[in-house]
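Here are the chains, one letter per residue:
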Amino acid sequence: MAASTAPTDVVSEEAAAGTYAGVVSRAIALGMDAAIVQGSLLLVAALLGLVASLVGGPHLDTAGQVIAGAVWLLATAAYFVIGWSLTGQTIGMRAMELTVYAHEGAPPTVARSIVRVLWLGLCIIPLFAGFLPALVDDRRRGLHDIVAGTVVVHTPARV
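Position labels on residues start from 1 in each chain and follow its written sequence. With pLDDT at 70 or above as the cut-off, local features in this predicted model cover only qualifying residues; side-chain atom pairs require 80 or more to be listed or tallied, and sums for whole chains, interfaces and linings still use all residues. For the side-chain quantities, the full set of heavy atoms in the structure was used; hydrogens and water were omitted.

Let's shift gears to the overall build of the protein. A run of DSSP states H or I qualifies as a helix once it reaches four residues; a run of E qualifies as a strand once it reaches two. Both are numbered from the N-terminal end. Assigned secondary structure in the protein consists of six helices and two strands. Relative accessibility decides the category of a residue: with a 1.4 Å probe and only protein chains considered, values under 20% of the type maximum give buried, values over 50% give exposed, and everything between is partly exposed. Across the 159 residues in the protein, those meeting the buried criterion constitute 34%. Every accessible area reported is derived by Shrake-Rupley at a probe size of 1.4 Å, with residue values counting cover from the shown protein chains alone. If you sum the accessible surface of the protein, you get close to 9,400 Å²; carbon and sulfur atoms cover 73% of it.

Our next topic: unusual backbone geometry. One non-glycine residue, L127, lies in positive phi territory at about 55 degrees. Tracing the backbone shows L127 in the loop between α5 (110-124) and α6 (143-148). For L127, a relative accessible area of 79% corresponds to the exposed category. Of note, F128 is a non-glycine position whose phi angle comes to about 65 degrees, a positive value.

Buried residues dominate strand β1 (residues 98-102), accounting for five of its five residues. Of the two faces of β1, the one holding L98, V100 and A102 and the one holding T99 and Y101 are both buried throughout. As defined by bridge partners, β1 adjoins strand β2 (residues 150-154) across five bridges and the pair is classed as antiparallel. Bridging from a neighbouring strand, A102 pairs with T150 of β2. Whether two strands pair comes down to DSSP finding at least two bridges between them.

Turning our eyes to something else, we now look at the packing of aromatic side chains. We call Phe, Tyr and Trp rings a pair once their centres come within 6.5 Å, taking the six-membered ring for Trp, and we label the pair stacked below 30 degrees between planes, edge-to-face above 60, and tilted otherwise. Overall, the coordinates contain three aromatic pairs when judged by the stated rule. Of the aromatic side chains, those joined through ring pairs into one cluster are Y79, F80 and W84. Taking the ring centre of W84 as reference, the NZ or CZ of R116 above it sits at 4.4 Å. Only when the NZ of Lys or the CZ of Arg is both within 6 Å of the ring centre and within 35 degrees of the ring normal is a charge said to sit over the ring.

Here T99 is to be found in strand β1. Of the residues examined, T99 reaches a relative accessible area of 1% and is grouped as buried. Looking at T99, its side chain comes within polar contact range of the side chain of Q89, at 3.2 Å. Throughout this description, a polar contact denotes any pair of N or O atoms lying within 3.5 Å of each other; where both atoms belong to protein, one of them has to be capable of donating a hydrogen while the other can accept it, and for residues adjacent in sequence the pair is counted only when both atoms sit in side chains.

Attention shifts here to the packing of helix α2 (residues 23-54) against helix α3 (residues 62-87). A fitted line through C-alpha atoms serves as each axis, taken over the contacting stretch for helices, and the angle formed by two N-to-C directions is quoted from 0 to 180°. Two elements in contact, α2 and α3, have axes separated by 11 Å at closest approach and are oriented at 140 degrees. By the angle between their axes, α2 is oblique relative to α3. Seen from above, α2 lies across α3 with right-handed handedness. On α3, the residues touching L30, D33, I36, V37, Q38, L41, L42 and A45 of α2 are W72, A75, T76, Y79 and F80. Gly falls in the polar group here, along with every residue not listed as nonpolar (Ala, Val, Leu, Ile, Met, Phe, Trp, Tyr, Cys, Pro) or charged (Asp, Glu, Lys, Arg). Its residues placed into classes, the contact of α2 with α3 shows ten nonpolar, two polar and one charged. With respect to orientation, any angle under 35 degrees is reported as roughly parallel, any angle over 145 as roughly antiparallel, any angle of 65 to 115 as roughly perpendicular, and every other angle as oblique. With the far helix as reference, a near helix turned anticlockwise by less than a right angle produces a left-handed crossing, and one turned clockwise produces a right-handed crossing. Should any heavy atoms of two residues lie within 4.5 Å, those residues are considered in contact.

Quick look at the side chain of R26 now. Structurally, the position occupied by R26 is in helix α2. For R26, the side chain forms a polar contact with the main-chain oxygen of R140, separated by 2.8 Å. In contact with R26, not counting residues within four places along its chain, are A21, L98, R116, R140, R141, G142, H144, D145 and V152.

Direction vectors running N to C along α3 and α5 enclose 135 degrees, while the axes themselves pass 9 Å from each other. Here α5 runs oblique to α3, going by the angle between their axes. When you trace α3 past α5, the crossing you get is right-handed. Residues A77, F80, V81, W84 and S85 of α3 lie in contact with α5, whose contacting residues are V110, S113, I114, R116, V117 and L120. Classifying every residue of the contact of α3 with α5 by side-chain character gives eight nonpolar, two polar and one charged.

Okay, here's the thing in structure tokens:
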């Protein structure tokens, strides 16, 4: 058996088949995930606002608004970190048949997923410019994948 230069069998098999996920499928998955997580958080916020209005109205001072924003950001980040770390997929990625792998050929660790989600936010802020490397990278990695040491590949649907 010949020695492989790829980090793992899982990633090398996918790479040999040329199945690194492109920008469009990843963008669709990210859009689905954003709709799911932000829609869920909006629903929770609306319910909390309704309950608060029944007991005198929601009155958040500046500190309360900052805390609410931080909780919102943490919940959004947790959605991605948990999905990537447990199965290598979020709900949107599963729908698009995509999986994120670390160099080891397994889903990224929690620490690697945290780095990836932080850089994902940084990639989005400047008009999605952090995704431009995916157009020229041989493994179609965005800046967040390069920094976190991950790749996203097409995977067959699980039954």
